[in-house]
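The residues making up each chain are set out below.
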Amino acid sequence: MTELLRVQNLTKHFPVKRGLLRRQVGTVQAVTDVSFTLAPGETLAVVGESGCGKSTLGRAILRLHEPSSGEIRLDGEDVTALDTRDLREARKRMQIIFQDPYGSLNPRMTVRETLAEPLLLHGMATPANIRAKVDELITMCGLSAWHADRYPHEFSGGQRQRVGIARALATRPRLIVCDEPVSALDVSVQAQIVNLLQDLQRQLGLAYVFISHDLGVVRHIANRVAVMYLGRIVEQADTEELFLNPRHPYTRTLISSAPRPDPTVARHKLPVEGGTPSAMALPSGCAFHPRCPMAVDRCRAERPELRQLGGTLVACHRADEAVEGMDVAAAGKDSPALLRRLEILEQARTMQA
Amino acid sequence: MAEPLLSVRDLQVRFRSGGQSLRAVDGVSFDLMPGQTLGIVGESGCGKSVTSLSIMRLLPSPPAMIEGGQVLLQGRDLLKLSEAEMRKLRGGRMGMIFQEPMTSLNPVYTCGDQIIESLRIHSGLKGKDARDRAIELLTLVRLPSPEKRVDDYPHQLSGGQRQRVMIALALANDPAVLIADEPTTALDVTIQSQILDLMRDLQDRTGTAIMLITHDLGVVAETCQQVVVMYAGAVIEKGEVQQIFQDPQHPYTIGLMAAVPRMDTARGRLATIPGAVPPPWQAIPGCRFAGRCPLADDRCRKSPPPLRPITAGHEVACWKAPIEGARA
């Protein structure tokens with residue numbers, strides 16, 4: 001398999017400084033020893049709860065946060081070793097989309113001006129053809145050319161995310177880090193943006209690192225999934241494998257905690273107490289042991305390394321033990337009435353068009 | 001059949017802004033039965049939060065104007081009460097939980113003080129009795145080491161713990177009705193699941209009726225017995241949770257259900273609902289969904305469909321329902 005991105009032992013720790021002399025009093029271990037690869041056109045989802053380090057990881061890949069250690073290779077080139085000028089060149093090939101693109105759009109510039117800037121700067125367009133280039137970009141993202149002459153505040157949340165995607169696409173990247181791109185959107189708008197991201201991936205061969213806490217969206221969009229807990233990847237597998245056969249107790253907890261839009265399935269919930277501990281004072285051994293229903297002495301003493309188990313990478317001493325009543329991901333089904341009526345609506349829509 | 005505890009009848013709310021009159025809630029009616037959980041679902045701007053705030057009479061007026069309807073709590077119309085009488089009800093017979101507890105808890109008082117104040121006002125408890133009851137409530141909502149936490153300020157707690165304090169506060173005076181507006185939206189899934197379990201347990205124990213406002217269909221499927229679906233300020237479908245999820249009738253409900261990517265089943269391309277919600281200043285003579293509905297015809301565009309029963313307990317506001325055999 002060809003490799004677009006290789007992240008090797010990536011670590012990002014933030015010093016915590018206090019007092020007059022700004023003495024370092026601790027370290028937030030946001031991301032520790034994270035490794036994965038990504039092929040062109042592939043989507044790797046990074047899931048976890050708030051504070052697990054997933055957003056820091058996304059930013060560290062683009063060097064928006066300078067990694068503490070580790071290596072990031074894009075097309076074989078070590079991004080961590082690049083100087084400012086070469087890094088700018090490399091950033092053409094990797095871009096990011098945020099949860100709220102408002103923060104990345106200049107409110108005083110029209111969308112056309114915002115999109116024209118990177119195109120001209122990177123020599124992807126000339127003043128002569130810039131108008132057509134921007135129009136092409138914006139229609140590719142499902143907006144009309146006349147939208148380009150408006151300001152960011154005139155757009156709805158979904159439209160603004162389309163502009164954010166157009167901005168990311170301007171430099172023709174091969175990799176896009178998507179940081180919770182649909183979390184703030186209503187369900188019906190979320191579906192439109194998810195479809196757009198999938199269409200663009202097919203058309204342009206984009207690879208996504210898709211950061212999300214929404215397991216439904218992840219199951220739908222990702223080829224592979226990495227689950228993070230307190231800065232480390234605790235499980236990584238192909239999407240189907242991860243959802244049908246989750247190995248790490250934390251993954252099982254996550255999956256069994258997510259409410260399902262189906263009143264006919266009786267959910268088997270795994271008990272989990274409390275919340276995530278602070279990334280400044282990590283528990284000994286396995287970081288999940290204080291909340292883990294399966295924890296034994298070994299888990300408190302010795303941190304489990306990631307190991308291969310079938311097609312899954314998992315960091316748990318007891319991952320290969322059979323667990324009873326762990327059918328956490330019992331398959332759900334859409335109701336026949338819903339599917340039948342959806343079909344009728346789709347048909348009517350096609351007839352209309 | 002039992003009497004409804006809370007009954008909303010033809011509620012009409014408008015906002016006045018810059019000479020314009022905006023429709024926010026247009027003829028909403030539903031009943032909340034004792035011991036039941038009723039879910040109100042819809043996307044942003046559908047009027048679900050305005051409905052709940054109107055029930056509590058918490059909308060600032062102006063700009064908000066409750067122009068018609070009734071909110072009956074055990075037969076008494078809340079819209080006719082004085083502000084002093086309303087204050088007695090809020091935190092007493094009616095409790096409320098919001099999405100972000102940090103904005104509804106007072107940052108300069110300890111959690112305990114806030115619960116004690118509510119107990120003093122509504123139940124007349126004082127001194128050690130009130131403090132003991134506050135600790136008892138914090139124990140009830142499973143806050144770890146409640147006898148210590150009672151003296152903590154809100155900022156010393158995590159998001160999930162703050163929401164527990166908020167629930168303790170809402171339940172302090174044994175309310176008959178609990179209104180929860182997106183109570184778990186800001187929380188992580190493992191914490192969300194703990195809070196939803198807690199609400200269910202407390203309901204089993206106290207018999208409180210819950211009105212749950214949410215955009216999350218998963219939360220609805222899991223916690224509600226009755227569901228009201230809102231669109232552009234109106235109820236477009238309501239029924240038992242099984243009826244709404246297994247037998248959705250309104251084209252909007254159908255679209256909404258199919259747009260959710262599910263964790264427990266692989267789906268093809270997600271269904272979408274083309275178009276957007278009509279803006280609140282636009283007058284809509286017919287069905288408010290007609291502009292986005294592929295089945296809409298002249299009647300849909302000209303006259304508004306009333307809510308009508310389609311099966312026992314299941315009502316839908318659509319001329320075309322059931323849409324099998326319907327023709328545009």
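Keep in mind the model is a prediction, meaning the values are calculated, not measured.

## As for the overall build of chain A
Point 1. For chain A, the helix and strand inventory stands at eleven helices and twelve strands.
Point 2. Its C-alpha atoms give chain A a radius of gyration of 22 Å, near enough to 20 Å, the size a compact globule of 353 residues would have.
Point 3. The principal-axis extents of the C-alpha atoms in chain A amount to approximately 70 × 65 × 45 Å.
Point 4. Residue burial in chain A is summarised as follows: out of 353 residues, 45% are buried.
Point 5. For chain A, contacts bridging at least 24 residues in sequence account for 64% of all contacts bridging at least 6.

## A look at the overall build of chain B
Point 1. Along its length, chain B carries twelve helices and twelve strands.
Point 2. Here the C-alpha radius of gyration of chain B, 21 Å, is about what a compact globule of 328 residues would show, namely 20 Å.
Point 3. Projected onto its principal axes, the C-alpha coordinates of chain B cover approximately 70 × 50 × 45 Å.
Point 4. Counting all 328 residues of chain B, 49% fall into the buried class.
Point 5. The contacts of chain B with a sequence gap of at least 6 include a subset with a gap of at least 24, amounting to 63%.

## Comments concerning the interface of chain A and chain B
Point 1. Across the boundary between the two partners, chain A contributes 45 residues, which contact 46 residues of chain B.
Point 2. Looking at the side of chain A that touches chain B, the elements that each hand over two or more residues are helix 6 (187-204), helix 7 (215-221), helix 9 (249-257) and helix 11 (336-352) of chain A.
Point 3. Of the residues forming the side of chain A that touches chain B, the biggest block, nine residues, is contributed by helix 11 of chain A.
Point 4. Residue classes in the side of chain A that touches chain B are distributed as 22 nonpolar, 14 polar and nine charged.

## Considerations on the environment of Ala-130 of chain B
All names here are of chain B.
Point 1. In this fold, Ala-130 is placed in helix 5 (residues 127-140).
Point 2. A sequence separation of 35 residues divides Ala-130 from Val-165, and the C-alpha atoms of the two residues are 15 Å apart.
Point 3. Residue contacts for Ala-130: discarding those within four places in its chain leaves Ile-116, Leu-119, Arg-120 and Leu-125.

## As for the domain arrangement of chain A
Residue and element names in this part refer to chain A.
Point 1. Annotation of chain A at the domain level lists domain 1 (1-93 + 173-353) and domain 2 (105-172).
Point 2. The straight-line distance from the C-alpha centre of domain 1 to that of domain 2 is 29 Å.
Point 3. Across the boundary between the two partners, domain 1 contributes ten residues, which contact eleven residues of domain 2.
Point 4. Looking at the side of domain 1 that touches domain 2, the element that brings in the most residues is helix 6, giving four residues.
Point 5. When the residues that make up the side of domain 1 that touches domain 2 are grouped by side-chain class, the tally is eight nonpolar, one polar and one charged.

## Brief notes about the sheet that holds strand 9 (residues 226-231) of chain B
Residues and elements named next belong to chain B.
Point 1. The eight strands are arranged 6-7-8-3-9-10-12-11 in an open sheet whose pairing can be described as mixed. Strands with a single pairing partner mark the edges of an open sheet, and in this sheet they are strand 6 (94-97) and strand 11 (308-311). If you compare each strand with its neighbour and ignore which way they point, the axes differ by 20 degrees on average.
Point 2. Strand direction decides the pairing type here: strand 10 (residues 234-240) and strand 12 (residues 314-316), joined by two bridges, are antiparallel. Its bridge partner being in strand 12, Glu-237 is matched across the sheet by Val-316.
Point 3. Packed on one face of the sheet, helix 7 (residues 159-171) meets strand 6 and strand 7 (177-181) and runs near 170 degrees to strand 6.

## Regarding the sheet that holds strand 5 (residues 77-78) of chain A
All names here are of chain A.
Point 1. Taken in spatial order, the four strands make up an open sheet running 2-1-4-5, and their pairing is antiparallel. Sheet topology places strand 2 (23-38) and strand 5 at the edges, where each strand pairs with a single neighbour.
Point 2. As defined by bridge partners, strand 4 (residues 69-74) adjoins strand 5 across two bridges and the pair is classed as antiparallel. Opposite Arg-73, over in strand 5, you have Asp-78 as the bridge partner.
Point 3. Contacting strand 1 (5-18), strand 2 and strand 4, helix 1 (residues 54-61) runs over the sheet at an angle of about 70 degrees to strand 2.

## Re the nonpolar core
Point 1. Ranked by internal contacts, the top residues of the largest apolar core, which has 192 residues, are Val-209 of chain A together with Ala-168 of chain B.
Point 2. Taken domain by domain, the makeup of this core includes at least three residues from each of domain 1 (1-93 + 173-353) and domain 2 (105-172) of chain A.
Point 3. In this view, Ala-168 of chain B contacts Ile-115, Leu-137, Leu-138, Leu-140 and Val-141 of chain B; residues no more than four positions away in its chain are not counted.

## Description of helix 8 (residues 189-206) of chain B
Point 1. A rise of 1.5 Å per residue sets the reference length of helix 8 of chain B, with its 18 residues, at 26 Å; its end C-alpha atoms lie 25 Å apart and thus fit the reference within 8%.
Point 2. Within the span of helix 8 of chain B, buried status applies to Val-189, Thr-190, Ile-191, Gln-192, Ser-193, Gln-194, Ile-195, Leu-196 and Met-199 of chain B.
Point 3. If you follow the buried residues of helix 8 of chain B, they end up packed against helix 9 of chain A together with helix 7, strand 8 (209-214) and helix 9 (217-223) of chain B.
Point 4. Phi turns positive one or two residues past the end of helix 8 of chain B, at Gly-207 of chain B, with a value near 75 degrees.

## Re the environment of Gln-24 of chain A
Point 1. Among the structural elements, Gln-24 of chain A can be located in strand 2.
Point 2. Excluding residues within four positions of it along the chain, Gln-24 of chain A makes contact with Pro-15, Val-16 and Lys-17 of chain A.

## Things to note about the packing of helix 4 (residues 111-123) of chain B against helix 5 of chain B
Residue and element names in this part refer to chain B.
Point 1. One can describe the packing of helix 4 onto helix 5 by two numbers: an axis separation of 9 Å at closest approach and a directional angle of 115 degrees. As helix 4 packs across helix 5, the resulting crossing turns out to be right-handed. Counted together, Gly-112, Ile-115, Ile-116, Leu-119 and Arg-120 of helix 4 and Ala-130, Arg-131, Arg-133, Ala-134 and Leu-137 of helix 5 form the full contact between these two elements.
Point 2. The residue makeup of the contact of helix 4 with helix 5, split by class, is six nonpolar, one polar and three charged.

## Remarks on the pairing of strand 9 (residues 224-229) of chain A
Residues and elements named next belong to chain A.
Point 1. Across the six residues that make up strand 9, a large majority, six, are buried.
Point 2. Across the two faces of strand 9 the burial is the same, with Arg-224, Ala-226 and Met-228 and Val-225, Val-227 and Tyr-229 all buried.
Point 3. Summarising the sheet, strand 3 (residues 43-47) and strand 9 pair through four bridges and their orientation is parallel. Within strand 9, the position partnered with Val-47 by the bridge is Val-227.
Point 4. For strand 9 and strand 10 (residues 232-238), the ladder comprises six bridges, and the chain directions are antiparallel. When the bridges of strand 10 are listed, Val-227 appears paired with Glu-235.

Quick notes on the rules
- Residues numbered from 1 in each chain as written.
- Chains lettered and ligands numbered in written order.
- Predicted model: local features only at pLDDT ≥ 70, side-chain atom pairs only at ≥ 80, totals over all residues.
- Helix = DSSP H or I, 4+ residues; strand = E, 2+ residues; numbered from the N terminus.
- Rg over C-alpha atoms; globule rule 2.2 N^0.38 Å.
- Buried ≥ 20, exposed ≤ 12 C-beta atoms within 10 Å, placed from the backbone.
- Contact = placed C-beta atoms within 7 Å.
- Nonpolar A, V, L, I, M, F, W, Y, C, P; charged D, E, K, R; others polar.
- Domains from an automatic or database assignment.
- Pairing = 2+ DSSP bridges.
- Axes fitted to C-alpha atoms, helices over the stretch in contact; angles between N-to-C directions.
- Core = buried A, V, L, I, M, F, W, Y, C linked by C-beta atoms within 7 Å.
- Expected span 1.5 Å × (residues − 1).
- Left-handed = near helix turned anticlockwise from the far one by under 90°.

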